[in-house]
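Now for the letters of each chain:
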Amino acid sequence: GCEGKFARCWVWGSQGAEGGERPGVEHVAIGFADVVASSRLVATAGDLATFGSLKLFTARAEEMRRIHSGQSIQTLGDSFMVLFNDEVGAFAFATEFQRSLAERPILAGETPISVRIGIHSGPVLRRPTSHSQNLEGDAIVVAARLTRIAEPSEIVVARWVRKALPSVNQLVLGEWQSAPTTHSR
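Residues numbered from 1 in each chain as written. Predicted model: local features only at pLDDT ≥ 70, side-chain atom pairs only at ≥ 80, totals over all residues. Heavy atoms only, no water.

**Thoughts on the packing of helix H1 (residues 38-45) against helix H2 (residues 47-67)**
Point 1. The N-to-C vectors of H1 and H2 enclose an angle of 130°; their axes lie 7 Å apart at closest approach. The orientation of H1 relative to H2 falls into the category oblique. On H2, the residues that touch Leu41, Val42 and Ala45 of H1 are Asp47, Ala49 and Thr50.
Point 2. Here the contact of H1 with H2 is built from residues that sort into four nonpolar, one polar and one charged. (Axes fitted to C-alpha atoms, helices over the stretch in contact; angles between N-to-C directions. Helix = DSSP H or I, 4+ residues; strand = E, 2+ residues; numbered from the N terminus. Parallel < 35°, antiparallel > 145°, perpendicular 65-115°, else oblique. Contact = heavy atoms within 4.5 Å. Nonpolar A, V, L, I, M, F, W, Y, C, P; charged D, E, K, R; others polar.)

**Some remarks on H2**
Side chains that are three or four residues apart share a direction in an α-helix, a result of its 3.6 residues per turn.
Point 1. In a regular helix each residue adds 1.5 Å, so 21 residues correspond to 30 Å; H2 covers 30 Å between its end C-alpha atoms and thus fits that length.
Point 2. All of the buried residues along H2 are Thr50, Ser53, Leu54, Phe57, Arg60, Ala61, Met64 and Arg65. Down the axis of H2, the sector holding all buried residues measures 140°, keeping them to one side. Among the exposed residues of H2, those oriented more than 90 degrees off its buried face are Leu48, Lys55, Leu56 and Arg66. (Expected span 1.5 Å × (residues − 1). Buried < 20%, exposed > 50% of the residue type's maximum accessible area, 1.4 Å probe, protein only. Arc of directions from axis to C-beta.)

**As for the nonpolar core**
Point 1. In terms of nonpolar packing, the biggest core is built from 34 residues, with Phe57, Phe80, Phe93, Phe97, Ile113, Ile117 and Ile119 touching the most fellow members.
Point 2. Of all elements in the fold, only strand E3 (25-35), H2, strand E5 (79-84), helix H3 (87-103), strand E8 (115-128), helix H4 (138-149) and strand E10 (154-158) reach the threshold of two or more residues within this core.
Point 3. The greatest single-element share of this core, amounting to six residues, is contributed by H3.
Point 4. Dropping the residues within four chain positions of it, Ile113 is found in contact with Val35, Leu41, Ser53, Leu54, Phe57, Leu101, Ile106 and Ala108.
Point 5. Within the second largest apolar cluster, 11 residues are counted, among which are Ile30, Val124, Ile140 and Ala144. (Core = buried A, V, L, I, M, F, W, Y, C linked by side-chain atoms within 4.5 Å.)

**Concerning the pairing of E8**
Point 1. Extensive coverage of E8 is indicated by the burial of 11 of its 14 residues.
Point 2. For E3 and E8, the ladder comprises 11 bridges, and the chain directions are antiparallel. Residue pairing for E8: Phe32 is matched across the bridge by Gly118. (Pairing = 2+ DSSP bridges.)

**Some thoughts on the pairing of E10**
Point 1. Among the five residues of E10, five are classified as buried, and the element is accordingly described as predominantly covered.
Point 2. Side-chain alternation along E10 places Glu154, Val156 and Ala158 on one buried face and Ile155 and Val157 on a second face that is also buried.
Point 3. As defined by bridge partners, E8 adjoins E10 across three bridges and the pair is classed as parallel. Pairing of Ile119 across the sheet is with Val157, part of E10.

**What to know about the pattern of salt bridges**
Point 1. This model, assessed by the stated rule, comprises three salt bridges.
Point 2. The partner of Arg65 in a salt bridge is Glu62, with the nearest N and O atoms 2.4 Å apart. Of this pair, Arg65 and Glu62 both sit in helix H2, three residues apart, which is roughly one turn of that helix.
Point 3. On the accessibility criterion, Arg65 (13% relative accessible area) is buried.
Point 4. Since its relative accessible area comes to 23%, Glu62 is described here as partly exposed.
Point 5. Between Glu96 and Arg99 there is a salt bridge, with its nearest N and O atoms 2.4 Å apart. Remark: Arg99 and Glu96 occur in helix H3; sequence separation between them is three residues, near one turn of the helix.
Point 6. Taking the relative accessible area as the measure of exposure, Glu96 reaches 28% and is therefore partly exposed. (Salt bridge = Lys/Arg side-chain N within 4 Å of Asp/Glu carboxyl O.)

Structural data, given as structure tokens:
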């Protein structure tokens with residue numbers, strides 16, 4: 001992957017899709033993040049310590065979201081999804097979030113919390129509910145799948161996202177490589 005001090009990045013082969021002109025559909029970049037081995041954290045550090053640490057983790061993600069102009073964060077257990085208007089914002093969020101965890105670790109007991117991040121972009125449909133909104137679309141599913149193939153502290157981006165990123169990121173993170181096509185995870 002693109003080896004850097006704080007994260008490794010892989011490019012995955014999905015090409016993405018353009019957003020449609022249908023009502024409620026918009027093209028966004030989706031960052032999906034998952035805490036590595038959260039069940040093990042609970043088993044070793046205990047419920048209260050882990051959930052307190054996850055609260056700090058989510059607050060840090062929210063801070064990074066605001067800095068990089070993300071639209072919203074939706075938490076899903078030990079994971080979260082954040083939306084951005086473009087791929088550059090999503091990637092800047094992911095790299096800064098990984099950097100912040102490396103420089104200022106959040107501990108669950110004595111174990112630093114580690115995260116995997118997947119980024120994809122494409123059309124998303126927002127459906128209002130009585131209390132918030134549901135987000136739907138294949139781009140969300142792909143971002144979640146990219147997260148599953150990432151190693152701890154890695155960022156995996158779809159090829160579509162990589163093409164949208166300025167070349168300056170290569171200078172910051174190093175050379176990009178294609179992710180392996182088969183995964184046992």
